[in-house]
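Read off the chains here:
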Amino acid sequence: MRIRAVRLDELPLLQDIERAAGLCFRDIGMPEIADDEPLPLDELARYRQAGLAWVAVDEADAPVAYLIAEHVDGNLHVEQVSVHPDSARRRIGRLLLDHLAARAVTEAVPALTLTTFADVPWNAPYYARCGFDPLDESTLGPGLRDIREREAAHGLDRWPRVCMRRVL
């Protein structure tokens, strides 16, 4: 599996990947998450323009997964990582996370952070296997606190959420 920067014409494919990946939330009683629309194209384009958007591609160079990140509180924050269900369970998500970690190390960024659902098997438990540890809410920097407030305003706190950090 190869990872490369997202091309402009692929931004709609990122939305398709996220929609497909989100469908599994319906099976665990979280239809609101399954029905949540992906980020708009202009926002995805911002991540691409900043050099913080990557895809994992198949042999035909077609995206099967993506990761977008941003700088938050001096770390690189995983805004979204999605793997198309047809390519799931092949360590592609971990490959994308490791790619971001390698990028962070070259920039002397101390850690990766993310926010996720605490009790969804392919969320917090998965990220723990990828080297992320839960953060105590009282230790969050202003950027992560802002992200959590936006998530709560969006209704995501209906289910337990957690901030996590992977020290590099």
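Placed above this text is the structure.
Remember, predicted model here, so these are calculated numbers, not experimental data.

Quick notes on the packing of aromatic side chains
Next up, step 1: One pass over the full model with this rule turns up five aromatic pairs.
Next up, step 2: By the ring-pair criterion, three or more aromatic residues cluster together here, those being F25, F117, W122 and W159.
Next up, step 3: Directly above the ring of F117 sits R161, whose terminal nitrogen or CZ lies 4.4 Å from the centroid.

Considerations on the sheet that holds strand β2 (residues 53–57)
Next up, step 1: Taken in spatial order, the seven strands make up an open sheet running β1-β2-β3-β4-β5-β7-β6, and their pairing is mixed. Of all strands in the sheet, those with a lone pairing partner are β1 (2–5) and β6 (133–134), marking the two edges.
Next up, step 2: As paired elements, β2 and strand β3 (residues 63–72) share five bridges and run antiparallel to each other. Residue pairing across strands places W54 opposite L67, the latter belonging to β3.
Next up, step 3: Across the face of the sheet, helix α3 (residues 41–49) comes into contact with β2, β3 and β4 (75–83) while running at roughly 75° to β3.
Next up, step 4: The strands that helix α6 (residues 142–153) touches are β3, β4, β5 (111–117) and β7 (161–167); relative to β5, the one it contacts most, it runs at about 20°.

A few points about the pattern of salt bridges
Pairing of side chains with opposite charge becomes possible as their charged atoms draw close.
Next up, step 1: Under the definition given, this model contains 18 salt bridges.
Next up, step 2: Taking the shortest distance from any N to any O, the salt bridge between R4 and E10 comes out at 2.5 Å. An identical accessibility class is assigned to R4 and E10; each is buried.
Next up, step 3: Of the charged contacts in the structure, one is a salt bridge between E10 and R7, with a shortest N-O distance of 3.1 Å.
Next up, step 4: A relative accessible area of 3% places E10 in the buried class.
Next up, step 5: For R7, a relative accessible area of 37% corresponds to the partly exposed category.
Next up, step 6: Through salt bridges that share partners, R2, R4, R7, D9, E10 and D61 make up one connected network.

Rules used throughout
Residues numbered from 1 in each chain as written. Predicted model: local features only at pLDDT ≥ 70, side-chain atom pairs only at ≥ 80, totals over all residues. Heavy atoms only, no water. Phe/Tyr/Trp six-rings, centres within 6.5 Å; stacked < 30°, edge-to-face > 60°. Lys NZ or Arg CZ within 6 Å of the ring centre and 35° of its normal. Pairing = 2+ DSSP bridges. Helix = DSSP H or I, 4+ residues; strand = E, 2+ residues; numbered from the N terminus. Contact = heavy atoms within 4.5 Å. Axes fitted to C-alpha atoms, helices over the stretch in contact; angles between N-to-C directions. Salt bridge = Lys/Arg side-chain N within 4 Å of Asp/Glu carboxyl O. Buried < 20%, exposed > 50% of the residue type's maximum accessible area, 1.4 Å probe, protein only.

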